[in-house]
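Listed here are the chains, written in short residue letters.
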Amino acid sequence: MALAAVELLGAGMAAVGAGLVMSGDFVRNEGVILAQKAADGIVHAGHDFVRWWMDDLTPIQRGPFIMAFTIIVVFTASFGIPMLVKWHMGGTLLIDRVPPPPKGIFVGDVPPAKFRKLECVNPATGVILGYVPAMTKEEVARRVARAREAQKIWVKTSFKERKQVLMQISRYVLQYQDEIGRICAEDTGKSELDAKFGEIGNTLEKIRWTLTEGEKVLQPEVRSSSPLLFYRHGEVQYHPLGVIGAIQPWNYPFHNFMNTVISGIFAGNAVVVKASEHAGWSSMYFCHVIQEILRQCGHPMELVEVSYAGHSNGTWHSRAWII
């Protein structure tokens, strides 16, 4: 059991090490190799330590080691890893903190007296968080049209410019991860710890992978042909689709929202997310953060939009995204 725990620790260190090698607008591949070698060393050293622990020490002698190990783990989780991540990320966050969504009031962009609204409730406590507008077909179509116009500008950007936007998103997530986790927890009823593990880490890893591999996988791919057709050349080219539509589940509102946004905008598309009726309060905030980052980086805010409606209106949301 103890040996299995040590191997799990080594695998975890490899994953953490791979995530800590980000610097600037690229990832150092040699850092991943070094992280893997370090993880292998931890596993071997751990095997020797466990054998010494089990064979040579009495239960009383193990007490000080357990206390010291606990202190090291707590300190590393609380201070060490966040400091290393920020150091490897480097750079400066360009935008100020985006205020969290207000509670108990209407948070949409249309007055509640004239339009139907969706109630946003914390399922764990029953507390009303706020309201978002239950949009009509025409309102959704207007947001898609705005996104399409913004995409015509965005599609002309370079991969370097798109990487700068993703880097700003990652730095914002790192700096305000506690706030993002709290908002996810309130909108879904999960614990803040669950929100951090399931929302923050996955999103940062998606950004890291896109920064590292995204440009490469979007390059044209040459296809081989028959020797008899030596005078012909074939390749696969990837072009932006225009407006990407995503119907978002409620269970991981931040990661589900960002999953489409990260890959969508990096490939040159605009993204319109149909927020779950059970996660509209947090989705409004996440969209606001992305729009503010786009604005501060000199790009149209309307590139990323969010729409709200009940589950029965998913069909005409899908039709509104048809190019």
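Further up the page is the structure itself.
Residues numbered from 1 in each chain as written. Predicted model: local features only at pLDDT ≥ 70, side-chain atom pairs only at ≥ 80, totals over all residues. Heavy atoms only, no water.

The subject of this paragraph is the packing of aromatic side chains. Summed over the entire model, instances satisfying the criterion amount to five aromatic pairs. Centroid distance F254 to F286: 4.9 Å. Interplanar angle 65 degrees. Geometry classified as edge-to-face. Note that F254 is positioned in helix α8 (residues 253–266) and F286 in helix α9 (residues 280–296), a separation of 32 residues in sequence. (Phe/Tyr/Trp six-rings, centres within 6.5 Å; stacked < 30°, edge-to-face > 60°. Helix = DSSP H or I, 4+ residues; strand = E, 2+ residues; numbered from the N terminus.)

Turning to the packing of helix α5 (residues 159–175) against α8, a few remarks are in order. In contact at an axis separation of 10 Å, α5 and α8 are set at 160 degrees when each is read in the N-to-C sense. One way to sum up the angle between α5 and α8 is to call them roughly antiparallel. With respect to the hand of their crossing, α5 and α8 are arranged in left-handed fashion. Contacts from F159, R162, K163, V165, L166, I169 and V173 of α5 reach α8 at F254, M258, I262, I265 and F266. Within the contact of α5 with α8, the residues separate by chemical class into ten nonpolar, no polar and two charged. (Axes fitted to C-alpha atoms, helices over the stretch in contact; angles between N-to-C directions. Parallel < 35°, antiparallel > 145°, perpendicular 65-115°, else oblique. Left-handed = near helix turned anticlockwise from the far one by under 90°. Contact = heavy atoms within 4.5 Å. Nonpolar A, V, L, I, M, F, W, Y, C, P; charged D, E, K, R; others polar.)

Right, let's talk about empty space enclosed by the protein for a bit. On inspection of all chains with the given rule, the structure shows one cavity of 30 Å³ or more. When its volume is computed, the largest cavity comes out at roughly 30 Å³. If you go around the largest cavity, the residues you meet are Y172, I180, F254, Y285, F286, V289 and I290. Counting residues per element, the lining of the largest cavity draws most heavily on α9, which supplies four residues. Residue composition of the lining of the largest cavity, grouped by class: seven nonpolar, no polar and no charged. (1 Å grid on protein atoms, 1.4 Å probe; cavity = no way out; pocket = protein on both sides within 12 Å on 5 of 7 lines; lining within 4 Å. Points joined across faces, edges and corners; volume = space filled by probe spheres on them.)

Right, let's get into helix α7 (residues 192–217). In this model α7 runs 35 Å from its N-terminal to its C-terminal C-alpha over 26 residues, within 8% of the 38 Å that 1.5 Å per residue would give. Helix geometry: α7 is bent most strongly at L211, by close to 45 degrees. Looking only at α7, the buried set comprises A195, G198, E199, I200, T203, L204, I207, R208, T210, L211 and G214. (Expected span 1.5 Å × (residues − 1). Bend = angle between axes of the 7 residues up to and from the residue. Buried < 20%, exposed > 50% of the residue type's maximum accessible area, 1.4 Å probe, protein only.)

So, on to α8. Taking 1.5 Å of rise per residue, the 14 residues of α8 would be expected to cover 20 Å, and the 20 Å separating its terminal C-alpha atoms lies within 8% of that figure. The buried fraction of α8 amounts to twelve of the 14 residues, a majority that puts the element mostly inside the structure. Those residues of α8 not exposed but buried are P253, F254, H255, N256, F257, M258, T260, V261, I262, G264, I265 and F266. Of the residues one or two after α8, G268 is the one with positive phi, at around 95 degrees.

All right, on to the packing of α5 against α9 then. In the contact formed by α5 and α9, the axes pass within 10 Å of each other and the chain directions differ by 130 degrees. As judged from the angle between their axes, α5 and α9 are oblique. In this structure, the crossing between α5 and α9 has a hand that is right-handed. Where α5 approaches α9, its residues V165, Q168, I169 and Y172 are matched on the opposing element by Y285, V289, I290, I293 and L294. Tallied by class, residues from the contact of α5 with α9 come to eight nonpolar, one polar and no charged.

Remember, this is a structural readout, not a statement about activity or role.
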